[in-house]
Structure formats: C-alpha cells, structure tokens
Amino acid sequence: MKLKRRDFLLFLGAGAATVALGTYLVKQKKSILSGIGFQPVKGPMPLETQEIPVAQQIADFSKYEVADDLVLPEGYTYDIVGAWGDKIGDSRFGYNNDYLSFVETGKDEGYLTINFEYISAVPWFQTFEKVISKKLPTDEIQAALKETGKNGINAFVLPPEQAELKAKIQQISEEALIDQGIGIISIRKNAEGKWERTNSAADRRITGISGLKDGKYLDVSGPGVLVFKKKTGQGYVDNLGAKIIGTFANCAGGTTPWGTVLSAEENFQNQVPEPVYADGTSFDPSEKQFAIGEGELNGQGNVLGLAGNKYGWIVEVDPANPKDYGIKHTWLGRYRHEAVGVRAQAGKRVAFYSGCDRRGGHLYKFVSTGKVQDPKDKANSNLLRYGMLYASQFNPDGTGKWIPLQPSTPVNPVLPSNLVEGLVPLPKRPTGGIYEAKSDAEIANFKQTFKTLGDLYIGTPEEKQGAILIDAHFAANAAGATCTARPEDTEIAPDGSLYITFTSGSPSGDGAPDKRIFKGPKGETPWEYGWIMHLIEDENQPDALTFGWKMLAVGGEPIAGGAGFSNPDNIAIDNNQNVWMVTDMSTGKHNNPKDKDGVGSFGNNSIWFIPTTGDNAGNAYLFGIGPMECETTGPFFTQDQQTLFLSVQHPGEMYGIRQNSTAQTREFTMHATNGEKFSQTRNIPIGSNWPGKAVNDPPKPAVVAIRRLDGQPIA
C-alpha cells in the first residue's frame, strides 16, 4: 500500500514528509536501493514494490525458509548488550525485555534503561535452573494443584499447617517478580564499535518486589495517594500508605526531554486484581489466585498480599540517580499502559499521551497545571504531580475531543451497537467491580441512574478524583471515551503532532473497538491487522481540548488493500525523519496456516524501515526479522544514529528450547500481488536456541545493538 503524496505530506505536518506504510521487496531496481541504502531481507510474502512479474513471484515464494535468528540486511550485524540472567548491580537482567531508553552522558556512553515485562511460562520454567542456577519447586506446587483438582491456589489465606506450600509459592512468585520491572545499566562503545558494560554505581534493578525486603519502596504522587493512605475502606488496604512495593508488567515507555525515563505498567491484571470499589480501594488479593500450569504463571501478587490499585501506573525514574527507585504519578491514570509520548515546549503546559493496550482501550492525554520553562530541566518532573487526565473521543468525520476524567464530567457511555461486538465494561455500583453493558437499553438505564462520574465514586472531592484515576479505564467508558483497537505506541512528531499505532481491531471479553472508526480498507469489521493514526491538536496547542485525526495506513495483505505487514507496534523516528516500526503478531499466529485471521502468512515478527523523503517516500522495506516465537520491541537510536538498540522478547515462547534442530514443514496458501493463489512450502524451526544459537541452547530474551559493519549511520 502506498499512500497518495498529499496524505503522505500531512503526516508530520506542513513542510515535512511523513510516513506511509508500503511494502518490502525481494529484487529492487538499483535506483530504489540507492535511495534506502540497504538490500531488504526476504520475507515470506510477495509484495507490490518487488516490481517483478507474477510468475516470478510464485517461483520465488513457493518455498520459504524461516530462520531462528535476528535476520538483518547484508552489511549489518548485531551484538548482545545483555540477556536474561546477566548481573545488574545486586540483581540480574530480567525477563522479556521491552522498551529501551538510552540517555547519553557523553560521546559513545550513557545509561540504557530496560523494561522487563512478563514471564513466558514455557521457556522460563524449562530453562530457569540452567540460566539462573536455582531450582524452583514447580513439581511440588503442580502436585498440590492436582490433588485439589483446581486451577489455582489462594496462597494469601493458606492456613499455618500449609506454611511449606505457601513458602514454595512465594519462592516462585518472588523469582518471577524479580524478573520483571526496570533495569538500568551503564554502557559505552569501544574502539571496535561494540557496546560494553561499564558497571557504574548507578547500575541497578527496580523489580516487582523492590521494597518488600530491602526497604527500597517506590514513591507516589497525585490524588491516588489519598486513597492509598486510607486506614480502612470498602475493599482491601495494604497498610503501607504511600509506599509501593515494586513495579511489574513494564511494557513500553518513553523518555522525557529532561532525561528521565517513563516506564508503563501494562498487563498488571494478570498478577493482581484489576477491579476496585467506589472508594478506589482494591479487591482482596484472594480474587487473583496464584496459578501455574502449561504456559501459565499468574497471580504472583497473591501470596504477597499486593494491593491491585497500586499497579497499572506510569513509573518515572532518573537513570543517573542511583538512589532513585521510581515514582508512580497517579495523575497519569491507572490502566494497561503502553508507550508514552511527552510533548514539552518552553512556555507551554506538558502534554503526556499514552494508550491502554486492551481491546476497547482508550487513548489518554494528561495536561499539566504548570508550564515548562526549560524542557531540559529535571524540575519538570514536578509538573506531572498536578494537572488533569483526559480520554479521547473520536468522531467519524475526522474530528475529536478530550473528555476530562473528573467528578463533574457527565456520564454518557458509548453505545454497544457502535462497537464491533457490543460490550461496554462500566463501574459496577453499588457494589464494586465491573458491569458489562451489552445493549443500548442497558446504557440508557445506566445514564438514568448515574449523572456524573462523581456519582460512581465516594469520598471527599479529592478522594473521588483519586478513585477516578485509579479506575481510569472504566471511568473513561462511563464518560463516553471512544473504544479503540489496542493503542500500542504514541509518538510525538517533530512538529508536535501525534501518531498512534493501533495493533489489532478484533474484539474480546475485555471489549471491542468502535466500528465507525476502526475498519478495513473496504469498511470491513473486525479488521485484525492494525492501523496508524495521525492526530493534530487544534491550533497545534498541547492543552487543546479538540483535535483532528486521520488514518494514515492500514495493515493487511496488499490484495486486501493493506500495507503488507500485520499488527504494527512500536515506532521510532531517526534524524532523517525515517520511521522504523516493529510488529506485534501474537505468538500462536506465527507461521500458522490454520490461523483464521490469516496472520500466520506474515511469518515472524519483524522490523520495517519507512523513508519519508525522496522517490521511495511512503514505501515500507523489511529491515529485519526476529528469531522464532519472539516479539521485536523497543527500538531506540543513539544520537549519532550509528546504533539501533532493540529488544528481542520471548524467543521460544510457545515451544521453549529447540531440541536437536527440530523443524516442521507447513503448507500455506499465499497470494501474488494480483490476487492469484499459489502454494508455499515453509520450513519452520520448532522452538528457539537464540541468542546462543548452538544446538539445544536455552532461548533467552536479550537486548541487541544493531550497527553497520562500515561504522556509518544505520540509514
């Protein structure tokens, strides 16, 4: 898919070129290759910019070999910066590295901050003892579960006579939470162009149990503090007040102009209860039991009695300050956070953008009360302590507005009839939790009962505000925010406008996107393959309450009007305004010919290069392909553009260790660019041995530094 030049120029604003997502090529004309500077790697699907006859496409793609490696163009290489189990301070490199931030302190040196998101149970359990040199009591716990015939254990209330079982559950939970959170390492580039650890005093881990035993609690700001300090409430109170134990489920994030890093807690609901009561207090830890099984490790907060309302926030940390273990800013809202875009201009208020990565999740904006003086002043962190959180409402005509999440905001939920599948989760009252409205009539009754958001929460006005922020997703549903299609990245363009990647338009039990906004090239719903949206605030002001929006690209096969990739995720912009995108196809869909959505045809997750100027502007070229069953995440450039840091997350997530070079041959029905069908035989490794790559090596998540062999900028 190549966008019209007019649409392309709109993307980054007047006078700047923009992103249009096109295709990869196997055999390019020399004139095109000279414009992008590298030979794109060969993916599994023929695409339009190959510019080769259909018969040649079918011949070239009738067989395809999938590699268990990070595949890059000729002339490029990668080095491992760190992998699961490596030492960081008094702890270790965690699991499933995601967002990366490199804050430079001098030429070719600085602090690399790394998010560690979650545990992939199959490879983690399979390789833990070998990698970490500790044995987990997995068999004993599974035997206890088998004896009870249940899927989970409520370790929070186990009686004294089961203290041994509780201790074993706590051991596994603590190890899993240690492998999540944030890591900070100091690195520098050596004379060979490779990045090496310098192991400074600032190297440290902020884990899922920081504060539990070492007193290194996380701090907190904003109205949510009033709820946390309650001695009693409708629900569970952990009696720690404003102290918070750890951070986990750290997915994407952002870097502020003043040199701090924002880490986004995403799928916290897998480890602690998500629902809250009208006063903002948590459901009891018993509501999220510890569960262990095939491909599953959930409820890690159960045995520790963690309060669910203290997770699902944005954590700010200064990597250069070795005593900083993070602060959760409650004005930024509690929901399943993904990436963070920060707009800070002198003389204006800070605008902070983030998405809730769930089906039916919302796009949010925080606007500070105070104004920025110097965008590089670390005192700007104080601006995140006071302001207002807004949720977006998109109109089908390309306009929209920001709805304040405050007690006086009218209750006006979206109608289920406008969604791909009708389900609107709302705050359940008078009891706590979630009420699933499935019809327009139920919405009408809800509006008759509750007039404002303040009617859904209890306490002083300040406590109500805190409870609304704690319950942000469900409060935003009640206020009428648009249900979207898994917003995963929020990136600020050079002109201050915003673009958002929406990864998937399919529905689930969590909710579904608005079918008037999120539809395929021909109006199809549901549309699984994703979108990129461009949003411009009215008058280009950070604190504007209205905006315009436009879809810039749609994922999917070219024959269906898509751009040739599936499920766009993180985006990075280099100094030449080229866009680099990674994809987030669910592991079970990789190379799966039986996948009902057809995502399996797209192969492994991948990295795309999208030039924004010249003859190739608007095309996307396949720069890299990830190892087996992984997700490529967190692309981040050094200032000189000679290094692209990248996270390779959960290789071997489904099958674990690739045993004895095992592979399978699978048959796919593919399409040439004219729509003609042909058969493809695809050879697929089963499991992974990356990054070691020796036979039967354990798969390990790792951070890599990509560079050109000639030492020149990446592109």
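Thresholds applied
- Residues numbered from 1 in each chain as written.
- Predicted model: local features only at pLDDT ≥ 70, side-chain atom pairs only at ≥ 80, totals over all residues.
- Heavy atoms only, no water.
- Buried < 20%, exposed > 50% of the residue type's maximum accessible area, 1.4 Å probe, protein only.
- Helix = DSSP H or I, 4+ residues; strand = E, 2+ residues; numbered from the N terminus.
- Pairing = 2+ DSSP bridges.
- Axes fitted to C-alpha atoms, helices over the stretch in contact; angles between N-to-C directions.
- Contact = heavy atoms within 4.5 Å.
- Parallel < 35°, antiparallel > 145°, perpendicular 65-115°, else oblique.
- Left-handed = near helix turned anticlockwise from the far one by under 90°.
- Nonpolar A, V, L, I, M, F, W, Y, C, P; charged D, E, K, R; others polar.
- Phe/Tyr/Trp six-rings, centres within 6.5 Å; stacked < 30°, edge-to-face > 60°.
- Lys NZ or Arg CZ within 6 Å of the ring centre and 35° of its normal.
- 1 Å grid on protein atoms, 1.4 Å probe; cavity = no way out; pocket = protein on both sides within 12 Å on 5 of 7 lines; lining within 4 Å.
- Points joined across faces, edges and corners; volume = space filled by probe spheres on them.
- Arc of directions from axis to C-beta.

Undergrad: Can you explain the pairing of strand β5 (residues 97-106)? Please cite residues and give values.
TA: In terms of burial, β5 is largely enclosed, as seven of its 10 residues are buried. In the sheet, β5 pairs with strand β6 (residues 109-116) via seven bridges, with the strands oriented antiparallel. Counterpart to Gly106 in the pairing with β6 is Glu109. Between β5 and β6, which pair antiparallel in sequence order, lie two residues; one of them, Asp108, sits at a positive phi of approximately 60°.

Undergrad: Just give me the short version of the sheet that holds strand β20 (residues 363-371), but keep the residues and values in it.
TA: With antiparallel pairing, the nine strands of this open sheet are ordered in space as β18-β19-β20-β21-β22-β28-β27-β26-β25. Since the sheet does not close on itself, it has two edges, and those belong to β18 (337-343) and β25 (487-492), each with one partner. Going across the sheet, the axis of each strand differs from the next one's by a mean of 30°, ignoring polarity. As judged from the three bridges shared by strand β22 (residues 399-404) and strand β28 (residues 546-554), these two strands associate in the antiparallel manner. In the sheet register, Lys401 faces β28, and the bridge partner there is Thr546. Across the sheet, helix α10 (residues 472-479) lies against β19 (349-356), β20, β21 (387-394) and β22, angled at about 100° from β20, the strand it touches most.

Undergrad: Could you give me a rundown of the packing of helix α5 (residues 138-148) against helix α6 (residues 163-178), with the residues and numbers involved?
TA: The contact between α5 and α6 brings their axes to 10 Å, and the two run at 125°. Classified by the angle between their axes, α5 and α6 sit oblique to one another. In this structure, α5 crosses over α6, and the sense of that crossing is left-handed. Side by side, α5 and α6 meet where Thr138, Glu140, Ile141 and Ala144 of the first sit next to Leu165, Lys168, Ile169 and Ile172 of the second. Residue classes in the contact of α5 with α6 are distributed as five nonpolar, one polar and two charged.

Undergrad: Could you give an account of unusual backbone geometry, with specific residues and numbers?
TA: For the bond from Thr525 to Pro526, the omega torsion is -5°, close enough to zero to count as cis. On the secondary structure map, Pro526 appears in the loop between β26 (498-502) and β27 (531-537). A cis amide bond, omega 10°, links Trp690 with the succeeding residue Pro691. With respect to the helices and strands, Pro691 occurs in the loop between β36 (677-685) and β37 (702-708). Located in the positive-phi region is Arg486, a residue other than glycine, with phi close to 55°. Within the secondary structure, Arg486 is located in the loop between α10 and β25. Of note, Lys693 is a non-glycine position whose phi angle comes to about 75°, a positive value. Looking at where Lys693 falls in the secondary structure, it is placed in the loop between β36 and β37.

Undergrad: Requested: an account of the packing of aromatic side chains, with residues and values cited.
TA: Going through the model one piece at a time under the given rule, you end up with 32 aromatic pairs. Seen from their ring centres, Tyr353 and Trp402 are 6.1 Å apart, and the 55° between their planes marks the pair as tilted. Placement of Tyr353 in strand β19 and of Trp402 in strand β22 is noted, with a sequence separation of 49 residues between them. Residues Tyr353 and Trp402 agree in their burial class; the two are buried. Each ring, one from Phe446 and one from Phe450, has its centre 4.9 Å from the other, and the planes form 50°; the classification is tilted. Across the pair, Phe450 and Phe446 agree in class, each one buried. Its end group placed over the ring of Phe228, Lys310 keeps NZ or CZ at 5.4 Å from the ring centre.

Undergrad: Go over the sheet that holds strand β35 (residues 663-671), please, and point to the residues and values.
TA: Taken in spatial order, the three strands line up as β1-β36-β35 in an open sheet, and their pairing is mixed. Bordering the open sheet on either side are β1 (63-65) and β35, each of which pairs with just one other strand. When strand polarity is set aside, the average angle formed by the axes of neighbouring strands in this sheet is 25°. For β35 and β36, the ladder comprises nine bridges, and the chain directions are antiparallel. Along β36, the bridge assignment pairs Phe668 with Gln680.

Undergrad: Which residues make up the layout of surface pockets, and what values go with them?
TA: In this structure, the largest pocket occupies an estimated 1300 Å³ of space. Contributing to the lining of the largest pocket are 41 residues, with Thr255, Thr256, Glu491, Ile573 and Phe636 lying nearest its centre. At the level of secondary structure, the elements contributing two or more residues to the lining of the largest pocket comprise β5, β12 (250-255), β18, β25, β29 (568-573) and β33 (631-637). A per-element tally of the lining of the largest pocket places β18 first, with five residues. Its residues assigned to classes, the lining of the largest pocket shows 19 nonpolar, 16 polar and six charged. Of the pockets and cavities examined, the second largest pocket occupies roughly 900 Å³.

Undergrad: Explain the pairing of strand β24 (residues 434-437) to me, and be specific about the residues and the numbers.
TA: Note that strand β23 (residues 424-427) and β24 share four bridges and pair antiparallel. Across the sheet, Pro427 pairs through a bridge with Ile434, a residue of β24. Counted between consecutive antiparallel strands, the loop separating β23 from β24 contains six residues, among which Gly433 sits at a positive phi close to 100°.

Undergrad: Describe helix α4 (residues 121-132), and please don't skip the residues or the numbers.
TA: For α4, every residue scored as buried is listed here: Ala121, Pro123, Trp124, Thr127, Phe128, Val131 and Ile132. The arc enclosing the buried residues of α4, seen along the axis, measures out at 155°, which places them on a common side. Among the residues trailing α4, Ser133 stands out with phi positive, at a value near 65°.

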